[in-house]
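# Structural features, examined
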Amino acid sequence: MDPFIFIILLFSTVLIVLILLLPNLKGKWAVYLPAAAATLSSWFIGLLLDANIDFGMDLAFRILFPVLAMGLCILRAIIKPK
């Protein structure tokens, strides 16, 4: 099996499991797990964009997207009513 296809299948499997678990979470895990899932997902998407889009310079989407995702998760946790 091609390593790229294996990584995509592994990533999609983990993402599906996380999506199925998210509605049942309570307490601090209701904040940590979605933040981790969003950060890993955005890193993977940024990695795919960095590998497949060539603008003549390195835009570092694999760094930018996870930072933005974690920032949005932190803002959501701060703003969300208790």
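Because the structure is a prediction, the values reported are computed rather than measured. (Residues numbered from 1 in each chain as written. Predicted model: local features only at pLDDT ≥ 70, side-chain atom pairs only at ≥ 80, totals over all residues. Heavy atoms only, no water.)

## Some words on the confidence of the model for the chain
Selection rule: Known as pLDDT, the predictor's per-residue confidence is scaled from 0 to 100. Labels follow the DSSP assignment, with helices taken as runs of H or I lasting at least four residues and strands as runs of E lasting at least two, numbered in each case from the N terminus.
Mean pLDDT over the chain: 80, with 96% of residues reaching 70 or higher. Averaged pLDDT values for the elements of the chain fall to 76 in helix H1 (residues 3–21) and rise to 88 in helix H3 (residues 61–79).

## Points about the pattern of salt bridges
To be explicit about the condition: One side-chain nitrogen of Lys or Arg within 4 Å of one carboxyl oxygen of Asp or Glu is enough to make a salt bridge. Buried, partly exposed and exposed residues are distinguished by accessible area as a fraction of the type maximum, computed with a 1.4 Å probe on protein chains only: under 20%, between the cut-offs, and over 50%, respectively.
For the structure shown, the criterion picks out one salt bridge. Put simply, aspartate 50 and arginine 62 hold a salt bridge, and the shortest N to O gap is 2.6 Å. Of this pair, aspartate 50 sits in helix H2 (residues 29–52) while arginine 62 is found in helix H3, placing the two residues 12 residues apart along the sequence. Here aspartate 50 falls in the buried class, since its relative accessible area comes to 18%.

## Concerning unusual backbone geometry
Among all residues except glycine, the phi angle is most often negative; among peptide bonds, the trans geometry is most common. Here alanine 60, not a glycine, exhibits a phi torsion of approximately 55°, which is positive. Counting through the fold element by element, alanine 60 comes out in the loop between H2 and H3. A relative accessible area of 18% means that alanine 60 is categorised as buried.

## Some words on H2
One turn of the α-helix equals 3.6 residues, which is why residues spaced by three or four share an orientation. Note the threshold: Take the number of residues in a helix, subtract one, and multiply by 1.5 Å to get its expected span. The contact rule is simple, with two residues in contact once any of their heavy atoms fall within 4.5 Å.
Across its 24 residues, H2 extends 34 Å between first and last C-alpha, which sits within 8% of the 34 Å expected from 1.5 Å per residue. Those residues of H2 that fall on the buried side of the exposure criterion are Ala30, Leu33, Pro34, Ala35, Ala37, Thr39, Ser41, Ser42, Phe44, Gly46 and Asp50. Looking at the packing, one finds that the buried side of H2 touches H1 and H3.

## As for the environment of alanine 77
Considering the arrangement of structural elements, one finds alanine 77 in helix H3. Taking the relative accessible area as the measure of exposure, alanine 77 reaches 26% and is therefore partly exposed. Measuring from C-alpha to C-alpha, the distance between alanine 77 and valine 31 comes to 6.9 Å, with 46 residues separating the pair along the chain.

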